[in-house]
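Each chain, letter by letter, is given below.
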Amino acid sequence: MRIGIIGGGASGLFCGITAKKNNPKNKVYIIEKAEKCGRKILATGNGRCNLTNENMGEEYFFSSDISYVREALSAFSNLDTQKSFNDLGLLFTTGEKGKIYPRSLQASAVLDVLRMESKRLGVEEICGFKVVKIEKKGDIFRVFGEKETLEFEKLVIATGGMSGENLGSDGDGYNFLKAFGHKMNPVFQSLVQIKCDNTYTKALNGTKITVAAKIEVNGKTIDKGIDEMHFTEYGLSGPLGFNLSRSVSKHFAEKNESDIYCVIDFMQELSYDEVKAFVQNRIKTQGYKNLEDFFTGVFSKRCGQMIIKKSTDKKFNVFAKELSGAEIKEIANNIKAFKVKLISVMPFKNSQVTAGGIKIEDFEKDTLESKKLRGLYACGEVLDVDGICGGYNLQWAWSSGYIAGKAL
Ligand SMILES: Cc1cc2nc3c(=O)[nH]c(=O)nc-3n(C[C@H](O)[C@H](O)[C@H](O)COP(=O)(O)OP(=O)(O)OC[C@H]3O[C@@H](n4cnc5c(N)ncnc54)[C@H](O)[C@@H]3O)c2cc1C
């Protein structure tokens, strides 16, 4: 069987290896538009590749068919990922929140073992070939490049989503699949930096603080989390900013005109009343200090000053004991619920993953073969599945790549 896999990213490479292992008689070709396969893998996890997670389950994913994600994870789990990569010679180390990385902390190690295995098995890479059109004539798929045409008996679309365009994926796969009648859910960028009104937060540029935060629209919480928030010149980033970005991005993609806010809790260990009592007591014991230094020893210097600045018009050289009752209340409010208006999210090219995509309902669940066109398969981010930060998106690439590859 002559099999073409369009896209030499995580899911395509894993699918190719599985297809060849499963049936060594298969002639497997990976068609990649870049000069080399797996460029995005090299950029993952800040060059360290967080390839899966100890904690796995459908609750870490989003899809219009979440039950399918559960089935896929049981067909090929995070333990299967570790075993498969172990078999290829890769050792692991586990970071915070169960994130699993190669022991060398080098993403290149993940790509290298995949390509070594692919070569050993005889999977062929056809690089520098941008697919522009696909046709099916009789039993044969014709794959058109800019100069050449290739023919296959079975075809896999593993072209990714629209995120990280400079690393290859720009949404071509959606058009290939839509042309054969597959339905698609709207796409929007996820795991992306959030832009906000930075009147106060720009003072924190470059600071990383572990906080609890929620996203609010019309006073209703639509998302929340506790993790490290990175404050940047334009807004919010880091693990917490990224995970909250999905609902913020969806809000803007749906052109929802209501204002959207991030409400940050800088003292999650205490209730509002406890924070208010803490500030009142601190004024008794430290009220001789000026406002500039009042929170030194509680928050980072810039964070403490930002809370003061948002809560009172008084100058920094005023003594803390001169704060009024209303100002103390406002300080407690801003410690527990520092409200930042959100403006937008950064574009697709800055994002790590694309939410939405081709609906899984048009594919057989156990094989990922299209119900619309026999012999056609899809895997990876092109499908309507995305995960939170932490190795979940690569796990989906391995699981779905395995399922399609096993069926070939
Ligand atoms: C900066 C960054 C960091 C990330 N870090 C992590 C992480 O640490 N952990 C994690 O789990 N996830 C991470 N992700 C997400 C994860 O990398 C992706 O979800 C995953 O790689 C998707 O795999 P894929 O095979 O579906 O698509 P991709 O990896 O995007 O591969 C698709 C391939 O198809 C090729 N292609 C596209 N169109 C064509 C065409 N017309 N013709 C030929 N070839 C084509 C592309 O060039 C590309 O090589 C990160 C993403 C980015 C951008």
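Please read these numbers as outputs of a predicted model, since none were measured by experiment.

Participant: Which residues make up the sheet that holds strand E20 (residues 376–378), and what values do they have?
Facilitator: Pairing within the open sheet is parallel, and its 5 strands lie in the order E7-E2-E1-E11-E20. At either end of the open sheet lies a strand with only one pairing partner, and these are strand E7 (124–127) and E20. With strand direction ignored, the average angle separating the axes of adjacent strands in the sheet is 20°. Relative to strand E2 (residues 27–32), strand E1 (residues 2–6) runs parallel, the two being bridged by 5 bridges. The residue bridging Ile5 from the neighbouring strand is Ile30, located in E2. Its contacts with the sheet place helix H1 (residues 10–22) against E1, E2, E7 and strand E11 (154–157), and it is angled at close to 170° to E2.

Participant: Explain the domain arrangement of the protein chain residue by residue, including any values.
Facilitator: Here the protein chain is described as being made up of domain 1 (2–188 + 351–407) and domain 2 (193–345). The interface of domain 1 with domain 2 comprises 8 residues on the first partner and 8 residues on the second. Both faces combined, the contact of domain 1 with domain 2 buries some 750 Å², and carbon together with sulfur accounts for 60% of it. Ranking the residues of domain 1 by area buried against domain 2 places Lys97, Phe188 and Cys389 at the top, with a combined share of 62%. Taking the shortest distance from any N to any O, the salt bridge between Arg246 and Asp386 comes out at 2.8 Å. Run the count over domain 1 and domain 2 and you get 4 residue pairs in polar contact (both at pLDDT 80 or more).

Participant: I'd like a description of unusual backbone geometry, backed by residues and values.
Facilitator: Its identity as a non-glycine residue notwithstanding, Leu105 has a phi of 55°, on the positive side. Note that Leu105 resides in the loop between strand E6 (99–102) and helix H5 (107–121). On the basis of relative accessible area, Leu105 is assigned to the partly exposed category, the value being 36%. Despite not being glycine, Lys255 has its phi angle at roughly 55°, a positive value. By secondary structure assignment, the location of Lys255 is in the loop between helix H7 (238–253) and strand E17 (260–265).

Parameters and conventions
Residues numbered from 1 in each chain as written. Predicted model: local features only at pLDDT ≥ 70, side-chain atom pairs only at ≥ 80, totals over all residues. Heavy atoms only, no water. Pairing = 2+ DSSP bridges. Helix = DSSP H or I, 4+ residues; strand = E, 2+ residues; numbered from the N terminus. Axes fitted to C-alpha atoms, helices over the stretch in contact; angles between N-to-C directions. Contact = heavy atoms within 4.5 Å. Domains from an automatic or database assignment. Buried area = accessible area lost by both parts, 1.4 Å probe. Salt bridge = Lys/Arg side-chain N within 4 Å of Asp/Glu carboxyl O. Polar contact = N/O pair within 3.5 Å; in protein donor to acceptor, adjacent residues only side chain to side chain. Buried < 20%, exposed > 50% of the residue type's maximum accessible area, 1.4 Å probe, protein only.

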